[in-house]
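# Structural overview for review
In case you want the letters, here they are:
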Amino acid sequence: MHTIDEIMKILAEVKPGLSAGPDDELVRTGLLDSVEIMSVVMALAEEFDLEISPLDLKEENFHTANAILALVNRLEA
């Protein structure tokens, strides 16, 4: 199981200076745009050796850092 700190680190690498908490809305508020979300997907795949399918590319899986963490942990199970 991964931690929220690992996810927050990836988000900070993708978008330096991002000021968001684990439950802050990332997409609807514009904190992350579609290009940045794809960068997050690539970073997650590389960091955790995951295969993230197109079916997983739903807003609900990326709307908060906690949602991203849940996706990562679900894909690794």
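Above this text is the structure in question.
The text that follows walks through the structure, step by step, so that each part is easy to find. (Residues numbered from 1 in each chain as written. Predicted model: local features only at pLDDT ≥ 70, side-chain atom pairs only at ≥ 80, totals over all residues. Heavy atoms only, no water.)

### Overview of the overall build of the chain
Regarding its fold elements, the chain presents 3 helices and 0 strands. For the chain, whose C-alpha radius of gyration is 11 Å, the value lies close to the compact-globule estimate of 11 Å for 77 residues. Judged by the C-alpha coordinates and their principal axes, the chain covers about 30 × 25 × 20 Å. Sorting the 77 residues of the chain into buried and exposed places 36% on the buried side. Nonlocal contacts in the chain, meaning residues at least 24 apart in sequence, comprise 59% of its contacts between residues at least 6 apart. For the chain, the distance from the average position of its 5 positive side-chain charges to the average position of its 16 negative side-chain charges is 5 Å. (Helix = DSSP H or I, 4+ residues; strand = E, 2+ residues; numbered from the N terminus. Rg over C-alpha atoms; globule rule 2.2 N^0.38 Å. Buried < 20%, exposed > 50% of the residue type's maximum accessible area, 1.4 Å probe, protein only. Contact = heavy atoms within 4.5 Å. Lys, Arg positive; Asp, Glu negative; His and termini not counted. Charge placed at Lys NZ, Arg CZ, Asp CG, Glu CD.)

### Some remarks on the pattern of salt bridges
Taken as a whole and assessed by the stated rule, the structure comprises 3 salt bridges. The closest approach of N and O atoms between Lys9 and Glu13, which form a salt bridge, is 3.8 Å. In this pair, Lys9 and Glu13 both sit in helix 1 (residues 4-14), 4 residues apart, roughly one turn of the helix. Of the two residues examined, Lys9 and Glu13, each falls in the exposed class. Residues Lys15 and Glu36 are paired through a salt bridge, measuring 3.7 Å at the closest nitrogen-oxygen approach. Of this pair, Lys15 sits in the loop between helix 1 and helix 2 (34-48) while Glu36 sits in helix 2; the two residues are 21 residues apart in sequence, bridging distant segments of the chain. (Salt bridge = Lys/Arg side-chain N within 4 Å of Asp/Glu carboxyl O.)

### Some points on the environment of Arg74
Relative to the elements of secondary structure, Arg74 occurs in helix 3 (residues 65-76). Here Asn61 takes part through its side chain, which lies 3.1 Å from a polar atom of the side chain of Arg74. (Polar contact = N/O pair within 3.5 Å; in protein donor to acceptor, adjacent residues only side chain to side chain.)

### Some words on unusual backbone geometry
The phi dihedral of Asp49 falls on the positive side, at around 55°, and the residue is not glycine. Residue position: Asp49 is located in the loop between helix 2 and helix 3.

### Here's the deal with helix 3
When the terminal C-alpha atoms of helix 3 are compared, their 17 Å separation across 12 residues agrees well with the 16 Å that a helix rising 1.5 Å per residue should span. Along helix 3, the residues classified as buried are Ala65, Ala67, Ile68, Leu69, Leu71, Val72 and Asn73. Where helix 3 is buried, its residues meet helix 1 and helix 2. (Expected span 1.5 Å × (residues − 1).)

### So, the nonpolar core
Membership of the largest hydrophobic core comes to 20 residues, with the highest contact counts inside it found for Ile7, Leu11, Leu44, Phe48, Phe62, Ile68 and Val72. Where this core is concerned, the elements lending two or more residues are helix 1, helix 2 and helix 3. Beyond its immediate chain neighbours, meaning those up to four positions away, Ile68 contacts Ile7, Leu11, Leu26, Val40, Leu44, Asn61 and Phe62. (Core = buried A, V, L, I, M, F, W, Y, C linked by side-chain atoms within 4.5 Å.)

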